[in-house]
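Remarks on the overall topology
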Amino acid sequence: MSDAIDVEALRAAYLNQVFDEVEVTLDAEETAAYAVSCGEVAACFTDPSDPDFQAPPTLPARLHPSRRRPKGFPKVVGLGMDAGKAVHCHRPIRPGIKLTAKTHMHDIYTKTGRSGRMVFFINRMEIFDPDGQLLASADTSSVVRERPEQ
Amino acid sequence: MSVNGITDVEFGDTLPVFDPDTSLANVARFVEAAHWNAPRFTDHEAARAEGLPGALVPGIMSQGFLAAMIHRWAPKAEILYVDTVFRAPVVVDQPCHINGVVTDLDEATGEVEIDLTVTNEAGETRVFGTARARLPN
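Moving on, we get to helix α1 (residues 7–14) of chain A. Residue and element names in this part refer to chain A. Where α1 is concerned, the buried positions are V7, L10 and Y14. The buried residues of α1 all sit within an arc of 65° when viewed along its axis, so they share a single face. Seen from the buried face of α1, the exposed residues on the opposite side, beyond 90 degrees, are E8 and A12. The inward-facing, buried residues of α1 contact β3 (98–113) and β4 (116–128). Just beyond α1, the residue with positive phi is N16, at close to 65°.

Before going further, it helps to examine the interface of chain B and chain A. At the interface, 24 residues of chain B touch 22 residues of chain A. Buried surface at the junction of chain B and chain A, both sides included, amounts to about 2,100 Å², of which 58% is carbon and sulfur. Considering only the side of chain B, the residues that lose the most area to chain A are A33, W36 and F86 of chain B, jointly responsible for 22% of the buried surface there. Inspection of the chain B/chain A interface yields zero salt bridges. The interface formed by chain B and chain A holds eleven residue pairs in polar contact (both at pLDDT 80 or more) in total. Looking at the side of chain B that touches chain A, the elements that each hand over two or more residues are α1 (24–34), α4 (59–73) and β1 (78–86) of chain B. Counting residues per element, the side of chain B that touches chain A draws most heavily on α4 of chain B, which supplies nine residues. Among the residues forming the side of chain B that touches chain A, the class breakdown is 16 nonpolar, six polar and two charged. Of the pairings in the sheet, the one linking strand β2 (residues 79–89) of chain A to β1 of chain B comprises five bridges and is antiparallel in character. Bridged to A86 of chain A within β1 of chain B is D83 of chain B.

Time to look at unusual backbone geometry. All names here are of chain B. Unlike most non-glycine residues, H35 shows phi in positive territory, near 60°. On the secondary structure map, H35 appears in the loop between α1 and α2 (39–42). The phi angle at D93 is positive, at roughly 75°, despite the residue not being glycine. Within the fold, D93 resides in the loop between β1 and β2 (96–106).

Basis of the calculations
- Residues numbered from 1 in each chain as written.
- Chains lettered and ligands numbered in written order.
- Predicted model: local features only at pLDDT ≥ 70, side-chain atom pairs only at ≥ 80, totals over all residues.
- Heavy atoms only, no water.
- Buried < 20%, exposed > 50% of the residue type's maximum accessible area, 1.4 Å probe, protein only.
- Helix = DSSP H or I, 4+ residues; strand = E, 2+ residues; numbered from the N terminus.
- Arc of directions from axis to C-beta.
- Contact = heavy atoms within 4.5 Å.
- Buried area = accessible area lost by both parts, 1.4 Å probe.
- Salt bridge = Lys/Arg side-chain N within 4 Å of Asp/Glu carboxyl O.
- Polar contact = N/O pair within 3.5 Å; in protein donor to acceptor, adjacent residues only side chain to side chain.
- Nonpolar A, V, L, I, M, F, W, Y, C, P; charged D, E, K, R; others polar.
- Pairing = 2+ DSSP bridges.

Purely spatial values, then, with no claim about function.
Have a look at this one:
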């Protein structure tokens, strides 16, 4: 029996449906430490007392949903790897404010190379402030290299 | 040299290379702040036991290096987007270089597109990506 992933069926069943929602409040000192360790030097990222203090733009990439796949998502057979991260920044993220992070599957697609087919899964986490304004989104890309047919 | 606005930028400009701190102590500080603390990032022996070449700089930290490099070049830049592909591991305690080149710009909107890479001492690309940022007019 083939373990090939039915990408079109997965897209039809799971794309663009929020499957996870978590609340998070960033700590100012941790946010500053994150920025400093990355090499940021501007006070708006490194000094919690700065009037424009905010999270560095890539910080949303560190947030995790409570689950990686929607409920009922089939087990995917193959070698899985973290393929990348993308962050879209819309508004500054301020520590100390309760944020809501909602995650959905944004895309599923394939690429085929010499070693076979690879399936990419893109989870998008959208981060909202208490007024429901979208502050940022973070895409997590994972790739599964399918096992060749025996 | 840092830039203050879009008029200071030309297509093809190379950003000043940034050599980030990849020491074990700094990576430990990062993973603590990121709540990503795991031995594969903070302990060379534990990482090797997992089959890795040594403790790893987390991919999200490499992404943070890329953003910091843009801010060092253009302190007033507002980063709109950073897309990063993790091609190969960046190993803790091994020097790496953050490189960038302006591949597109729009003087009307103040937006620039920058191709970014993280390279090691051998000149191998470990991480690459693209960023879009807005600069003052």
